[in-house]
Amino acid sequence: MLFFDEQGRAAGLSSFYNVTTDIAIFATGVLRRLLDGIRRIFPNFLKLRMLECGTPITITSPPFVRRADIDDADIVAALHEVLMRVARQEGQLFIVVRDFEPESFALETDFRRHGYHWIGSLPNTYIENTWNSPDAYLGAMRSYFRSKLKKHLRRNVEAGVTHLLVEDFDELATTLHQQWMVVHENAKEFQREVLTPAFYRQFARIMGSRSKVLLFYRHGELTGHALLMVDGDMLRWLYVGRDIAANDNLYLYIAQKVVETAIDLGVRRLEMGLTTYPIKQDLGAEVIPIRVAVRARWGLINPFVGLGYNLLNEVPAPAPREIFKTATGAAA
């Protein structure tokens, strides 16, 4: 959606879409086991179709852009009006506005003014790139984490694993989609809408040189991939795919090669995304909290939305790890 000021000039931009979301996605313990039991009979229990504002394939904070002379409060008010109107038209009960990282937490007041609840979501992970080479990155690590990483990399080399970075991958769209489906169908922490081969095909064609994929081979056979996007001075790791679901060393190899790619491309920052926090932290990623704004369209229900969400969910909050010899991990 595009917002205009009183003179008819573009003032801001955001996007929204319908999505099916598990409202108990972060349930733990007894509640998780109970939900798993219920979903063996009713697979869609507590999975609701809702209106979501943000970007569907990556995280942007805040979920809108505006002209420098436009107040955040004015954009939030206009955004709320549009979302409520569309939710009424399409019969959606819940509205979610995502994502807000710490630099956008000040927007909480503006959203609460319109009845939104400010709740926790899965945290994001980033690595600040301060190295001029992959060797400098390894050298900046504390010896324990460096030796641990080298051990796993050695196992992949011994297993015949290699990789290749490419930009033109639209002809591989069907294969990459099949690999992504393997990961999606076996995801335990987080699931979103199902991608299609057309997504991979159009992503490669439309994004051009900003779209990249790391292809991983085992003894010459394509076994996995990591889909990447260059976003200014940031490299975003969007998706991962595999030919089979297996508990082996390949994912760590994939993650480490994503880090190497960011260093080789010379980007300032690498976004490594949600979930699999222990592996990403071992590679030096910092865990960054995320908040989302949620409200119900019906006024009678809305006061209980925040309480209900917090009762159903326990958002993970991984403790920081000291991976590098110095606080910044900077190379000498």
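These notes cover the structure that comes with them. (Residues numbered from 1 in each chain as written. Predicted model: local features only at pLDDT ≥ 70, side-chain atom pairs only at ≥ 80, totals over all residues. Heavy atoms only, no water.)

### What about the overall build of the protein chain?
Link 1 in the chain: Each helix and strand counted, the protein chain has 10 helices and 13 strands in total.
Link 2 in the chain: For 332 residues, the compact-globule estimate of 2.2 N^0.38 gives 20 Å, and the protein chain sits close to it at 21 Å.
Link 3 in the chain: Expressed as a percentage of the 332 residues in the protein chain, the buried residues total 48%.
Link 4 in the chain: Considering only intrachain contacts with a sequence separation of at least 6, the fraction spanning at least 24 residues in the protein chain is 75%.
Link 5 in the chain: Surface exposure of the protein chain reaches about 16,600 Å², of which carbon and sulfur atoms provide 56%.
Link 6 in the chain: With 39 positive and 38 negative side-chain charges, the protein chain shows a separation of 5 Å between the mean positions of the two kinds. (Helix = DSSP H or I, 4+ residues; strand = E, 2+ residues; numbered from the N terminus. Rg over C-alpha atoms; globule rule 2.2 N^0.38 Å. Buried < 20%, exposed > 50% of the residue type's maximum accessible area, 1.4 Å probe, protein only. Contact = heavy atoms within 4.5 Å. Areas by Shrake-Rupley, 256 points an atom, 1.4 Å probe, with all protein chains shown as cover. Lys, Arg positive; Asp, Glu negative; His and termini not counted. Charge placed at Lys NZ, Arg CZ, Asp CG, Glu CD.)

### Observations concerning the nonpolar core
Link 1 in the chain: In this structure, Y137, W237 and M272 are the most contacted members of the largest nonpolar core, which totals 36 residues.
Link 2 in the chain: Of all the elements, helix α8 (residues 250-265) adds the most residues to this core, at 10 residues.
Link 3 in the chain: Of all hydrophobic cores here, the second largest spans 22 residues; its members include L51, V82, I95 and Y116. (Core = buried A, V, L, I, M, F, W, Y, C linked by side-chain atoms within 4.5 Å.)

### Re the pattern of salt bridges
Two side chains that carry opposite charge are able to pair once their charged atoms sit near each other.
Link 1 in the chain: Applying the stated criterion across every chain yields a total of 23 salt bridges.
Link 2 in the chain: A salt bridge links R142 to E322; its shortest N-O distance comes to 3.2 Å. Of this pair, R142 sits in the loop between α4 (134-140) and α5 (143-158) while E322 is found in the segment after α10 (305-312), placing the two residues 180 residues apart along the sequence.
Link 3 in the chain: Of the residues examined, R142 reaches a relative accessible area of 32% and is grouped as partly exposed.
Link 4 in the chain: What makes E322 exposed here is its relative accessible area of 59%. (Salt bridge = Lys/Arg side-chain N within 4 Å of Asp/Glu carboxyl O.)

### Overview of unusual backbone geometry
Link 1 in the chain: Note that the residue after S61, namely P62, is joined by a cis bond; omega there is 0 degrees.
Link 2 in the chain: Mapped onto the elements, P62 comes out in the loop between β4 (47-53) and β5 (64-66).
Link 3 in the chain: With an omega of 5 degrees, the peptide bond running from R98 to D99 counts as cis.
Link 4 in the chain: With a phi close to 50 degrees, H219 is a non-glycine residue in the positive phi region.
Link 5 in the chain: Tracing the backbone shows H219 in the loop between β9 (211-218) and β10 (221-231).
Link 6 in the chain: Residue H219 is classed as exposed on the basis of its relative accessible area, which comes to 63%.

### A short note on the sheet that holds strand β1 (residues 2-4)
Link 1 in the chain: With antiparallel pairing, three strands are arranged side by side in an open sheet as β1-β2-β5. Looking at which strands have only one partner, the edges of the open sheet turn out to be β1 and β5. The mean angle between the axes of side-by-side strands here comes to 15 degrees, regardless of whether they run parallel or antiparallel.
Link 2 in the chain: The pairing of β1 with strand β2 (residues 10-14) spans three bridges and is classified as antiparallel. By the bridge assignment, F3 is partnered in β2 with G12. (Pairing = 2+ DSSP bridges. Axes fitted to C-alpha atoms, helices over the stretch in contact; angles between N-to-C directions.)

### Side note on helix α2 (residues 72-90)
Link 1 in the chain: With 19 residues, α2 should reach 27 Å at 1.5 Å per residue; the first-to-last C-alpha distance of 27 Å fits that figure.
Link 2 in the chain: Among the residues of α2, those classed as buried are I75, V76, L79, H80, V82, L83, M84, V86 and A87.
Link 3 in the chain: Once α2 ends, the next one or two residues include G91, with phi positive near 70 degrees. (Expected span 1.5 Å × (residues − 1).)

### Some points on a nonpolar patch on the surface
Link 1 in the chain: Where nonpolar side chains cluster on the molecular surface, the patch consists of L2, F4, L13 and V65 and spans about 390 Å² of accessible area.
Link 2 in the chain: Relative to the helices and strands, F4 is located in strand β1. (Patch = residues over 30% accessible without salt bridge, like charges linked within 9 Å, V, L, I, M, F, W, Y side chains within 5 Å.)

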